[in-house]
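# Analysis of the macromolecular model
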Amino acid sequence: MTDSALHQPHISSTAPRYWALIPCAGSGARAGADGPKQYQALAGRPLVAHTLAAFAATPGLAGILVVVAPGDTTLEAQGLAEAVHVADCGGASRAASVSAGLAVLHTLGALPQDWVLVHDAARCLITPAQIQRLMAACADDAVGGLLAQPLADTLKVGAEGRVSATLERGDKWLAQTPQMFRLAPLQRALQASGPTVTDEASAIEAQGQRPRLVAPEGANFKVTYPDDFALAEAVLKARLASTPATEAV
Ligand code: C5P
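What comes next concerns the included structure. (Residues numbered from 1 in each chain as written. Predicted model: local features only at pLDDT ≥ 70, side-chain atom pairs only at ≥ 80, totals over all residues. Heavy atoms only, no water.)

## Section: the site of the ligand
Lining the immediate surroundings of the ligand are 16 residues, of which Pro 23, Ala 25, Lys 37, Ser 97 and Lys 222 lie closest. Ser 93 places a main-chain nitrogen or oxygen 3.3 Å from a nitrogen atom of the ligand. Protein contact buries 86% of the 460 Å² of open area that the ligand shows by itself. Here the residues of the shell around the ligand sort into six nonpolar, five polar and five charged. (Near = heavy atom within 4 Å. Polar contact = N/O pair within 3.5 Å; in protein donor to acceptor, adjacent residues only side chain to side chain. Areas by Shrake-Rupley, 256 points an atom, 1.4 Å probe, with all protein chains shown as cover. Nonpolar A, V, L, I, M, F, W, Y, C, P; charged D, E, K, R; others polar.)

## Focus on helix α2 (residues 47-56)
The element α2 is largely enclosed, with a buried count of nine among its 10 residues. Every buried residue of α2 is accounted for by Leu 47, Val 48, Ala 49, His 50, Thr 51, Leu 52, Ala 53, Ala 54 and Phe 55. (Buried < 20%, exposed > 50% of the residue type's maximum accessible area, 1.4 Å probe, protein only. Helix = DSSP H or I, 4+ residues; strand = E, 2+ residues; numbered from the N terminus.)

## So, the side chain of Gln 38
Secondary-structure assignment places Gln 38 in the loop between β1 (18-23) and β2 (41-42). A residue is classified by how much of its surface remains accessible, and Gln 38, at 4% relative accessible area, is buried. A polar side-chain atom of Gln 38 sits 3.0 Å from the main-chain carbonyl oxygen of Gly 26. Beyond its immediate stretch of four places on either side in the chain, Gln 38 contacts Cys 24, Ala 25, Gly 26, Pro 46, Leu 47, Val 48 and Ala 121. (Contact = heavy atoms within 4.5 Å.)

## Structural notes on the pairing of strand β7 (residues 144-150)
The side chains of a regular strand alternate, first on one face of the sheet and then on the other. A large share of β7 lies buried, amounting to five of its seven residues. As defined by bridge partners, β7 adjoins strand β10 (residues 173-182) across six bridges and the pair is classed as antiparallel. Bridge pairing in β10 links Gln 149 to Leu 174. Of the strand pairs in this sheet, β7 and strand β11 (residues 212-214) are connected by three bridges, and their pairing is parallel. Paired with Leu 146 across the two strands is Leu 213, which belongs to β11. (Pairing = 2+ DSSP bridges.)

## Quick notes on the packing of helix α4 (residues 94-107) against helix α6 (residues 183-193)
For the pair α4 and α6, interaxial distance at closest approach is 10 Å and the crossing angle is 145 degrees. At the point where α4 passes α6, the crossing takes the left-handed sense. From α4, Val 98, Ser 99, Leu 102, Ala 103 and His 106 reach across to α6, where they touch Leu 183, Leu 186, Gln 187 and Leu 190. Taken together, the residues that form the contact of α4 with α6 break down as six nonpolar, three polar and no charged. (Axes fitted to C-alpha atoms, helices over the stretch in contact; angles between N-to-C directions. Left-handed = near helix turned anticlockwise from the far one by under 90°.)

## Focus on the sheet that holds β1
Hydrogen bonds between backbone atoms are what pair the strands of a sheet, whose relative direction is either parallel or antiparallel. Taken together, seven strands build an open sheet; the order of strands is β5-β4-β1-β6-β10-β7-β11 and the sheet is mixed. Strands at the two margins of the open sheet, each flanked by one partner only, are β5 (85-87) and β11. For this sheet, the mean angle separating the axes of adjacent strands, direction not counted, is 25 degrees.

## Describing the environment of Glu 82
When you line up the elements, Glu 82 lands in the loop between α3 (74-77) and β5. For the pair Glu 82 and Ala 69, spaced 13 residues apart in sequence, the C-alpha separation works out to 18 Å.

Below is the structure:
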């Protein structure tokens, strides 16, 4: 190998692949449930089973990695680990869990330029169509992007229980997941941002990039508070009722 060849970055000629990384290591304290919210029953199955079923039914994914808390064997015990890789390397924050998962993706064969779709386990209303919508919208994007919902409500700033300002809502979006970025830039961005960043896009933005916003078309809220369980269950049941049995996931 010549000197100049030694200094070339390694660029693979293969097309980038798509990986799903699902952080599932949170305690879900705000949900007020007995145990982590991702394992609470919802429409007859653990909440995360709905999330995993949507990704398992999405064509074009090279692999699905679920990051759980150290020692957590719930997925295996519930028979939910068959179509996915599980790594019990979850950290103290969501960002730490995602960073640990990105390192595991390398061991599964992911390359630096591969796309990674990071998705909250607790966002169980995601559908294969929504995932594919994001993949299609970002496939040729230099940065990547995220599912996000244009804000419907008027946005207030609060101080000591009173409104201190009203913000223009026309340009505001609620960030959701999946958030889709290339593996190496995402790892670098999360490392630079540290463990407190609450989504991947923020870390990428801090690098001076502007992720693409893609509307999900349909509910994709995160189950966070006690009331969210009944709402998510109602959405899932309504979808099942309107979907032919062969298409339901
Ligand atoms: O707590 P929150 O709802 O924001 O968490 C979003 C997602 O990140 C959830 O699926 C949760 O399981 C995951 N998470 C994690 N590791 C943590 C905290 C949250 O994988 N330490």
